[in-house]
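# Structural characterization, general
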Amino acid sequence: MIADVAVLKRLPRRLDVLTYDVPNELIVARGDLVIVPFRSLEVYGIIVRASHEHRQALKPIHAVVSRHFVSDEYLSVMERLAEDLVQSFSAVLYSSIVIPKKTSVFNAVEANTEVLHRRSLKIRSSEIAFIREVVSMARDKVYLAGQVTDFTQVAAIIDGLRNGNGQLLVLVPHHHDGEAFSGVLGMPFFDTTLKPKIRAQLCEGWRTGVIKEMITTRLGALLHAHNLERGIIVRSGSAEHVQYDRNPRYDAREVLASSCKRLLSLDVLPRLADMTKSEKTLFLPNELKAQTEVIDLKYERGKEFFLLTVSLLTKTREALQSGKNVLLFYNRKGISRALECHDCGWISDNGKLTHEHCPNCQSLRLTQRGIGNQLVQKALMRLIPDVPILRSELGVKYEDPHIPHIVLATQYHLESVLDPFDLADIGLVAELRADLGLLDTRYTALERLAQRLWLLRGIAWRAKAKFIVQSFDAQLARRMLDEPERFLRDELELRKRFLYPPFKNIYRVGGKLVRPNETEILVLKEQPDSVIIERNPEL
């Protein structure tokens, strides 16, 4: 008898599964956890299939550790995932199965001691009806997508969906988010930063069904669940749900969708891919939207610094005088300079200062201008000298001075510093220049910009603060904020016309100094509706 074994190692695609001899004294079946020889080591593996064939010169399986360690259904999901990702089955299982050491004893209480104390969750009376509507529809729908104001609303929805028949998995994009939700909901949080023993305990509890609910970043979507009834994706539009940098490269949202019975996808703006797949998409009612002032930078500019308009400075001073903090979002770090068009607001995104006219509107009125947040900080210090002006970005230590202050925030601040459940001290939220998001050359640029504007708007609504958006394309900003559903439908039509996701998949094939091998090309060509663009050898 022989058996194909997926060795729990990060193996290349050509070593998808390995075949071993099954000694007469052993009984094996699909899903069993075994110990097998691999080179000079003994490693764990999962039986993929067994047959009564006989082959010569095969290494034998050394031991059966656990019968039916993973279910046939789970293995089938992982096999489909490996095929879709063009990854080895062994590499996918290696990332999804954590084997506890023989000396460790599973203790669910010990694994959860850090999340027993829950923070209070305060919601507003005006949002109760909407939260109940989302909870009610999520119980009936297999796949529901919804727009939410912020994390507090998400936490209330999750709380309303607890205590179901099966397991509940909450997928968050960042470690910072997981810790925040864990503190509010009292759920265990699974992440790669945990100690190996705790990780193994959580995995074992999740596999056996001892743990009924859990919060996780993208790695947890691959874990073997006992009976996963419901998956909830938080910030579904975040790119952090996708693992790009190492094998297996996968989208945790798609993995969770294929492994749970009911899926709820939530974000400040529904993800376009969810709108095409879900049974229904819910949008926020008007009473849950912060009042917004859109400033057209074509007609109103600051004298000291063009982004510090009179309207912005007036409302900044009002917030500070009332004892509140000011959050100014500006995702341009440093002291970088660029050419800017005085007429349409175009700026050179590649650092070149050699343009003679604007490539967007052909205007000759180009100005060399500083656009980094250090320059904005210096201008604010001159205009509002008695207030702390803090930059919050990767590599800059942020310390709250505990007095009214201004924060120049980057995306890093929103994802890794800001406490999403403690926003009461904010009196003004502003996007200093929304059209900078249009410099993003990816096809998702408009969707990502709209999501960021709605994220900032949700922070303002929760904090009961004023919200300002400044842009050289004020009409686009208003369309994103005033008619979100129509904006998203139009964007979907545009992508459908040009065959972009979610209507077609894009596969990028590359290599170091050599072209992809024939096996990789053939596998990609077998994917449904695939188009392979091969490089011309004459170029």
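Residues numbered from 1 in each chain as written. Predicted model: local features only at pLDDT ≥ 70, side-chain atom pairs only at ≥ 80, totals over all residues. Heavy atoms only, no water.

### Describing the overall build of the chain
Looking only at helices and strands, one finds 16 helices and 20 strands in the chain. Relative to its length of 539 residues, the chain is compact, with a C-alpha radius of gyration of 26 Å against a globular reference of 24 Å. Projected onto its principal axes, the C-alpha positions of the chain cover 85 × 65 × 40 Å. Taking all 539 residues of the chain together, 52% fall into the buried category. Considering only contacts within the chain whose residues lie at least 6 apart along the sequence, 72% involve residues at least 24 apart. Split by element, the accessible area of the chain, about 26,800 Å² in all, is 49% carbon and sulfur. Of note, the chain has its 75 positive side-chain charges centred 2 Å away from the centre of its 67 negative side-chain charges. (Helix = DSSP H or I, 4+ residues; strand = E, 2+ residues; numbered from the N terminus. Rg over C-alpha atoms; globule rule 2.2 N^0.38 Å. Buried < 20%, exposed > 50% of the residue type's maximum accessible area, 1.4 Å probe, protein only. Contact = heavy atoms within 4.5 Å. Areas by Shrake-Rupley, 256 points an atom, 1.4 Å probe, with all protein chains shown as cover. Lys, Arg positive; Asp, Glu negative; His and termini not counted. Charge placed at Lys NZ, Arg CZ, Asp CG, Glu CD.)

### A look at empty space enclosed by the protein
Summed over all chains, the structure comprises 4 cavities of 30 Å³ or more. Here the largest cavity defines a volume of roughly 230 Å³. Contributing to the lining of the largest cavity are 19 residues, with Phe151, Arg235, Leu414, Pro420 and Leu455 lying nearest its centre. The element best represented in the lining of the largest cavity is helix H12 (residues 411-416), accounting for 3 residues. Tallied by class, the residues present in the lining of the largest cavity amount to 12 nonpolar, 2 polar and 5 charged. Reported here for the second largest cavity is a volume of approximately 90 Å³. As for the second largest cavity, its lining consists of Phe69, Val70, Ser96, Ile97, Val98, Cys203, Glu204, Arg207, Leu223 and His224. Classifying every residue of the lining of the second largest cavity by side-chain character gives 6 nonpolar, 2 polar and 2 charged. (1 Å grid on protein atoms, 1.4 Å probe; cavity = no way out; pocket = protein on both sides within 12 Å on 5 of 7 lines; lining within 4 Å. Points joined across faces, edges and corners; volume = space filled by probe spheres on them. Nonpolar A, V, L, I, M, F, W, Y, C, P; charged D, E, K, R; others polar.)

### So, the sheet that holds strand S3 (residues 33-38)
Spatially, the 5 strands line up as an open sheet ordered S2-S1-S4-S3-S5, and their pairing is antiparallel. Sheet topology places strand S2 (18-21) and strand S5 (63-66) at the edges, where each strand pairs with a single neighbour. Neighbour-to-neighbour, the strand axes of this sheet turn through a mean angle of 50°, independent of strand direction. Where S3 meets strand S4 (residues 41-51), 6 bridges bridge the pair, whose relative direction is antiparallel. Pairing of Phe38 across the sheet is with Leu41, part of S4. Set on the sheet, helix H2 (residues 89-96) makes contact with strand S1 (2-7) and S4; between it and S1 the angle comes to about 60°. (Pairing = 2+ DSSP bridges. Axes fitted to C-alpha atoms, helices over the stretch in contact; angles between N-to-C directions.)

### Regarding the pattern of salt bridges
Taken as a whole and judged by the stated rule, the model has 31 salt bridges. Measuring nitrogen to oxygen at the nearest pair gives 3.1 Å for the salt bridge that ties Glu254 to Lys277. Of this pair, Glu254 sits in helix H8 (residues 252-259) while Lys277 is found in helix H9 (residues 272-277), placing the two residues 23 residues apart along the sequence. For Lys277, a relative accessible area of 40% translates into the label partly exposed. With a closest N to O distance of 3.2 Å, Glu318 and Lys466 form a salt bridge. Highlighted residues: Glu318 in helix H10 (residues 310-321) and Lys466 in strand S20 (residues 466-471), separated in sequence by 148 residues. Judged by its relative accessible area of 39%, Glu318 is partly exposed. Each member of the salt-bridge network shares a partner with another, and the members are Glu254, Arg271, Asp274 and Lys277. (Salt bridge = Lys/Arg side-chain N within 4 Å of Asp/Glu carboxyl O.)

### Thoughts on unusual backbone geometry
Here the amide bond leading from Pro501 into Pro502 is cis, since omega sits at 10°, within 30 degrees of zero. Mapping Pro502 onto the fold places it in the loop between helix H15 (484-497) and helix H16 (518-525). Of note, Arg235 is a non-glycine position whose phi angle comes to about 50°, a positive value. Within the secondary structure, Arg235 sits in the loop between strand S10 (228-234) and H8.

### Re the packing of aromatic side chains
Counted according to the given criterion, the structure contains 5 aromatic pairs. Ring geometry for Phe151 versus Phe181: centroids 4.9 Å apart, planes at 45°, classification tilted. On the criterion of sequence distance, the pair formed by Phe151 in helix H5 (residues 151-160) and Phe181 in helix H6 (residues 175-185) is long-range, its members being 30 residues apart. Of the residues examined, Phe181 reaches a relative accessible area of 0% and is grouped as buried. Ring geometry for Phe151 versus Phe421: centroids 6.5 Å apart, planes at 40°, classification tilted. One end of the pair, Phe151, is in helix H5; the other, Phe421, is in the loop between H12 and strand S19 (426-431), and 270 residues separate them in sequence. Through pairs of rings, three or more aromatic residues link up here, namely Phe151, Phe181 and Phe421. (Phe/Tyr/Trp six-rings, centres within 6.5 Å; stacked < 30°, edge-to-face > 60°.)

### Focus on the packing of helix H13 (residues 445-463) against helix H14 (residues 474-482)
Two elements in contact, H13 and H14, have axes whose closest approach is 10 Å; the angle formed by their N-to-C orientations is 65°. Considering their axes alone, H13 and H14 lie roughly perpendicular with respect to each other. Where H13 crosses over H14, the handedness of that crossing is right-handed. Contacts between H13 and H14 pair Leu446, Leu449, Ala450, Leu453, Trp454 and Arg457 from the former with Leu476, Ala477, Met480 and Leu481 from the latter. (Parallel < 35°, antiparallel > 145°, perpendicular 65-115°, else oblique. Left-handed = near helix turned anticlockwise from the far one by under 90°.)

### Notes on the confidence of the model for the chain
With 90% of its residues at a pLDDT of 70 or more, the chain has an overall mean of 88. Across the chain, the secondary-structure element scoring lowest on mean pLDDT is helix H3 (residues 108-111), at 42, and the one scoring highest is S19, at 98. Confidence drops under pLDDT 50 across residues 103-116; counting only partners more than four residues distant or on other chains, this segment forms 19 contacts. (pLDDT = per-residue confidence, 0-100.)

### Here we look at the sheet that holds strand S8 (residues 189-190)
Within the open sheet, the 7 strands sit side by side as S8-S9-S7-S10-S11-S6-S12. Their pairing is parallel. Because the sheet does not close on itself, it has two edges, and the strands there are S8 and strand S12 (280-282). Helix-sheet contacts for H8 involve strand S7 (167-171), S10 and strand S11 (262-267), and the interaxial angle to S10 is about 155°.

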